[in-house]
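# A structural walkthrough
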Amino acid sequence: MYESMMKVITSYGLISGFAIVGVTMWLSYWISNTFTKGRLHGSAIAILLGLLLSYIGGALTGGQKGVVDIPLLSGIGLLGGAMLRDFAIVATAFGVSVDELKRAGFVGVLALFVGVGTSFIAGVAVAMAFGYTDAVSLTTIGAGAVTYIVGPVTGAAIGASSEVMALSIAAGLIKAILVMVMTPFVAPMIGLNNPRSAVIFGGLMGTSSGVAGGLAATDPKLVPYGCLTAAFYTALGCLLGPSLLFLIMRGLLG
């Protein structure tokens, strides 16, 4: 019985991946509603559980891909791949009202450059505080602070070590979790209650998962607007990281 079940689960990895994520999300929202009364969004708890399970999976198998190294959970690798991620980002854009998007105008575009620039500077400053001095490492970690996607893309392009790229991913994940958890608390203070402010917020923060989770906890209607500029933010970071930002760092540090 057990062997037959395992054969079915491993043969239909994507379906089992959906089932596992569904159970995880149900558990996360139950924890959110039961223990935090919804103050800590279920999506944030789900990310924390995912990171914990990934660590446990890697520790148990000695592998490099976390839970994917466990045959029973291999479908997570398909579900969490780039194809479905990009599909989800594109799907959110279809919920956008073009008129509301136009109202953001120049400020929305400016928010993208300000968001990328400030995140990069913060990441570089932290990396320097921990003793990194070469342009490649500083640029990679700074790009990771932009998002955990921009970091490894930049590192691979400029020849960073795997350890530095791992640090850049960690920096991006911490940022995503902080944005997701803190957004509902700061939203009333910054006027995050309309599509225009959501567009600007997505451009400043940039991390698609963090913005999506944070806005979902604030007002689900704002999610498409924040995610749209967050997607542009990631693309802009991937463009500037290995080119202009790296050249600036190399010019400053030699």
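In the nomenclature of an unreviewed UniProt entry, the protein is known as Malonate transporter subunit MadM of Pseudomonas frederiksbergensis.

### A word on the overall build of the protein
Looking only at helices and strands, one finds 12 helices and zero strands in the protein. Counting helices and strands in the order they occur from the N terminus, the protein gives α-α-α-α-α-α-α-α-α-α-α-α. Taken over 254 residues, the protein has a buried fraction of 39%. Sequence separation of at least 24 residues holds for 66% of the intrachain contacts in the protein that already meet a minimum separation of 6.

### Comments concerning the environment of Lys175
In this fold, Lys175 is placed in helix α9 (residues 162-190). Looking at Lys175, the relative accessible area reads 15%, which means it is buried. Expressed as a C-alpha distance, the spacing of Lys175 and Thr207, which sit 32 residues apart in the sequence, is 7.7 Å. If we skip the residues at most four places from it in the chain, Lys175 touches Ser119, Ala145, Val146, Met205, Thr207 and Tyr233. Polar side-chain contacts of Lys175 include one of 2.7 Å to the backbone oxygen of Met205.

### Quick word on the nonpolar core
The nonpolar side chains of a soluble globular protein tend to be buried with one another. Val116, Phe120, Val146 and Met249 are the most contacted members of the largest nonpolar core, which totals 21 residues. Those elements giving two or more residues to this core turn out to be α6 (98-129), α7 (135-146), α8 (150-158), α9 and α12 (223-253). The leading source of residues in this core is α12, at six residues. Non-local contacts of Val116, meaning those with residues more than four positions away in its chain, are made with Val146, Tyr233, Leu236, Gly237, Leu240 and Leu245. Listed in part, the 12 residues of the second largest apolar core include Val179, Ala187, Leu215 and Tyr225.

Conventions we followed
Residues numbered from 1 in each chain as written. Predicted model: local features only at pLDDT ≥ 70, side-chain atom pairs only at ≥ 80, totals over all residues. Heavy atoms only, no water. Helix = DSSP H or I, 4+ residues; strand = E, 2+ residues; numbered from the N terminus. Buried < 20%, exposed > 50% of the residue type's maximum accessible area, 1.4 Å probe, protein only. Contact = heavy atoms within 4.5 Å. Polar contact = N/O pair within 3.5 Å; in protein donor to acceptor, adjacent residues only side chain to side chain. Core = buried A, V, L, I, M, F, W, Y, C linked by side-chain atoms within 4.5 Å.

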